[in-house]
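Structural description and commentary
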Amino acid sequence: MATLNVDLGERSYPIIVGAGLLGDGALLSPYLAGDEVLVVSNDTVAPLYLDRVTASLKDRHLSCQILPDGEQYKNLETLQTIFDTLLENHCSRDTTLIALGGGVIGDLAGFAAACYQRGITFIQLPTTLLAQVDSAVGGKTAVNHPQGKNMIGAFHQPTCVLSDTQTLATLEPRQLSAGLAEVIKYGLIRDTAFFNWLEVNIEKLLAFDPQALEHVIIESCRHKAQVVARDEKEVGERALLNLGHTFGHAIEAATGYGNWLHGEAVSVGMVMAATLSEKMGRLEKDQCARVRELLIRAGLPVTPPRDISPTDYLTHMALDKKVSAGRIRLVLLDAIGQARLVSDYPDSLLQDVLYEFAG
Ligand code: NAD
Ligand code: GLY
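Summarised in this report is the structure supplied together with it. Along each chain, residue indices are assigned from 1 in the same order as the chain's sequence is written. Whichever chain is written first is A, and whichever ligand is written first is 1; the rest continue in order. Thresholds applied to this predicted model are a pLDDT of at least 70 for local features of residues and 80 or more for the giving and counting of side-chain atom pairs; totals over whole chains, interfaces and linings are not thresholded and use all residues. Excluded from the side-chain calculations are hydrogens and water; all other atoms, namely the structure's heavy atoms, are used.

Let's talk about the sheet that holds strand β2 (residues 13–18)
Think of it this way: DSSP has to see at least two bridges between two strands before they count as a pair. The way it works is that DSSP assigns letters per residue, a run of H or I at least four long becomes a helix, a run of E at least two long becomes a strand, and they are numbered from the N terminus. Spatially, the seven strands line up as an open sheet ordered β1-β2-β9-β6-β5-β3-β4, and their pairing is mixed. Here the strands that pair on one side only, and so sit at the sheet edges, are β1 (2–6) and β4 (61–67). Across this sheet, the average inter-strand angle for adjacent strands is 15°, counted without regard to direction. Judged from the two bridges that link them, strand β6 (residues 121–126) and strand β9 (residues 160–164) form a sheet pairing that is parallel. For helices, the fitted axis covers only the stretch in contact; all axes are lines through C-alpha atoms, and the angles between them, taken along N-to-C directions, range from 0 to 180 degrees.

Spelled out as C-alpha cells, the structure:
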C-alpha cells in the first residue's frame, strides 16, 4: 500500500493506493464526518463492488444510490436525484457522500457534495484507471451542459481518495486505454523519463500487469498532487493538465456525450495539440511522431470523426474554460515532457490543423 498527500493546508488529504482496500473500513473511518453516509455508484459498478463497501461501513447509518451508467447521465437532472435522496433521508451537514465508480460518478457525487447544504464531506473510491490517475484527485467536480463539457461545477476537495487497484481487473480493455491517455498526458507535459518508461512498458499495462498499473497510478497521482497543491483553482500551472482537452471536449460535445470516451477524445486532442506545436516549429517532427505512436500502441484513436467541421470545433472551443479576453488558449508542447499555455499561436495554423483533422 502506498500513500501520497495532496498538500492543501487544513484541507490536505491522502491518496491511498493498493490492492484490496475497498473492504477496509478502518482505512475509511478517520475520513467520515459522522455516522450518516450516502454511497453513490452506478448500475455497472454497484453489482461488482458495492457489497464490499457497505460491509466495511456496517456500523454506520448507510444509504446507497445507484445511478444509470454513462457520461450522458452526467447532467443536472441526475444531480437533482442525488439531492432528492439526501433530502428524503434527512441527511444533515455531517453526512459523508462517497463516490464509488469512475470519473462520471466522482464528478457527479463530488458536485452534489459541494452544493448540498453548501458543502458536505466527500470521499472518492475510484474504480477506473482514469479516475485513479486523474479525476478522483484535485477536487474538480462538474456536470455537462449540452453546449459544453463540465460547464457547471465547483472545486470541492475530497477528504480521502482510496484507490483499490484490484478493481481494475474487471475494466473493459477500451476503458483501460482511455485511462492510459491521461497517464501519457503526465509524461508529455512534465516528465520525459516517465514518457520513455511508458514507451517501454505499454504492453505490460495493456495486459493489466498489476505492478505496472500500480506504478503508473502512483506516478500519475504524484504529478497531479504536486500541481494541485501549487495551483488548486487553476489560475496557472494546473491548466497544463488540460493538454488535448480543448480539442477533446469539443469532440465529446459534438458527438453527443458518451459516444466518444473522455480518454479517447483527449488522445485525439493531444495529437492535434502536438501537430499544431510542430507546425509552429515548437515541437520536433520526430517527437510529434512519438506522441502519435505511443497513443496508437495504447489502443487509442488519433483521428477524430470526420464529420466535425472546423466551425463546429471553433464553436465548442470558444466555450472552453481557458478562454481569456475572448481568446482560446491552448496547451502546446515544446518537447516531450514540456508544455506551455499559449495564446499567441497563429490563427491560420490552428485553422490548418482543424481542416487537416476534419478530413
Ligand atoms: P466512467 O466513469 O464513465 O467509467 C467508465 C466505464 O467503466 C463506465 O461504464 C463504468 O460503469 C465502468 N466501470 C467503472 N469501474 C469499473 C470497474 N472497476 N470494472 C468494470 N467497469 C467499471 O468514465 P471514466 O473514464 O472513469 O471518467 C470519465 C469522466 O471523468 C468524464 O466525465 C470526464 O470529464 C471526467 N474527468 C474528470 C476529471 C476531474 O479532474 N474531475 C479529470 C478527468 C476526467
Ligand atoms: N483533469 C484536469 C485537472 O484536474 O485539472
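What about helix α10 (residues 262–279)?
With 18 residues, α10 ought to run about 26 Å at 1.5 Å a step, and its terminal C-alpha atoms sit 26 Å apart, in line with that. Burial of α10 is extensive: 16 of the 18 residues sit out of reach of the surface. Count one or two residues on from α10 and you reach Gly-281, which has phi positive near 80°. In this analysis, the expected span of each helix is defined as 1.5 Å times one less than the number of residues it contains. Any residue under 20% of the maximum accessible area for its type is buried, any over 50% is exposed, and the rest in between are partly exposed; the area is computed with a 1.4 Å probe on protein chains only.

Section: empty space enclosed by the protein
Here a cavity denotes grid points, spaced 1 Å and computed from the protein atoms alone, that fit a 1.4 Å probe unable to get out, and a pocket denotes an open set having protein on both sides within 12 Å along at least 5 of 7 lines; residues with an atom within 4 Å of a point are the lining. Grid points are joined across faces, edges and corners, and a volume is the space filled by probe spheres set on the points. Under the criterion given, the structure shown has one cavity of 30 Å³ or more. In this model, the largest cavity occupies a volume close to 30 Å³. What lines the largest cavity is Asn-242, Gly-244, His-245, Thr-246, Phe-247, Ala-273, Leu-330 and Val-331. At the level of elements, α9 (245–255) and β10 (330–335) are the ones that each hand at least two residues to the lining of the largest cavity. It is α9 that contributes the most residues to the lining of the largest cavity, three residues altogether. Grouping the constituent residues of the lining of the largest cavity by class yields four nonpolar, four polar and no charged. Amino acids are sorted into nonpolar (Ala, Val, Leu, Ile, Met, Phe, Trp, Tyr, Cys and Pro), charged (Asp, Glu, Lys and Arg) and polar (every other residue, Gly among them).

Quick look at the layout of surface pockets
The computed volume of the second largest pocket comes to approximately 170 Å³. As for the second largest pocket, its lining consists of 15 residues, and the residues nearest its centre are Arg-11, His-156, Gln-157, Pro-158 and Thr-159.

What to know about the site of ligand 2
Proximity is defined per residue: any heavy atom of the residue falling within 4 Å of a molecule or strand makes that residue near it. The immediate surroundings of ligand 2 are formed by Asp-134, Lys-140, Lys-224, Glu-234, Arg-238, Leu-241 and Asn-242. Between N or O atoms, a polar contact is any pair within 3.5 Å; within protein, one atom must be a potential hydrogen donor and the other a potential acceptor, and residues adjacent in sequence are included only when both atoms are from side chains. At 2.8 Å from an oxygen atom of ligand 2 is found a side-chain nitrogen or oxygen belonging to Lys-140. All accessible-area figures derive from a Shrake-Rupley calculation using a 1.4 Å probe, and residue coverage is judged against the displayed protein chains alone. Taken by itself ligand 2 offers 200 Å² of open surface, and the protein chains cover 89% of this. Looking at the shell around ligand 2 residue by residue, the classes come out as one nonpolar, one polar and five charged.

Considerations on the side chain of Ser-277
Its location among the elements puts Ser-277 in helix α10. Pairs of residues are marked as contacts when any of their non-hydrogen atoms sit within 4.5 Å. Non-local contacts of Ser-277, meaning those with residues more than four positions away in its chain, are made with Arg-282, Leu-283, Leu-332 and Leu-333.

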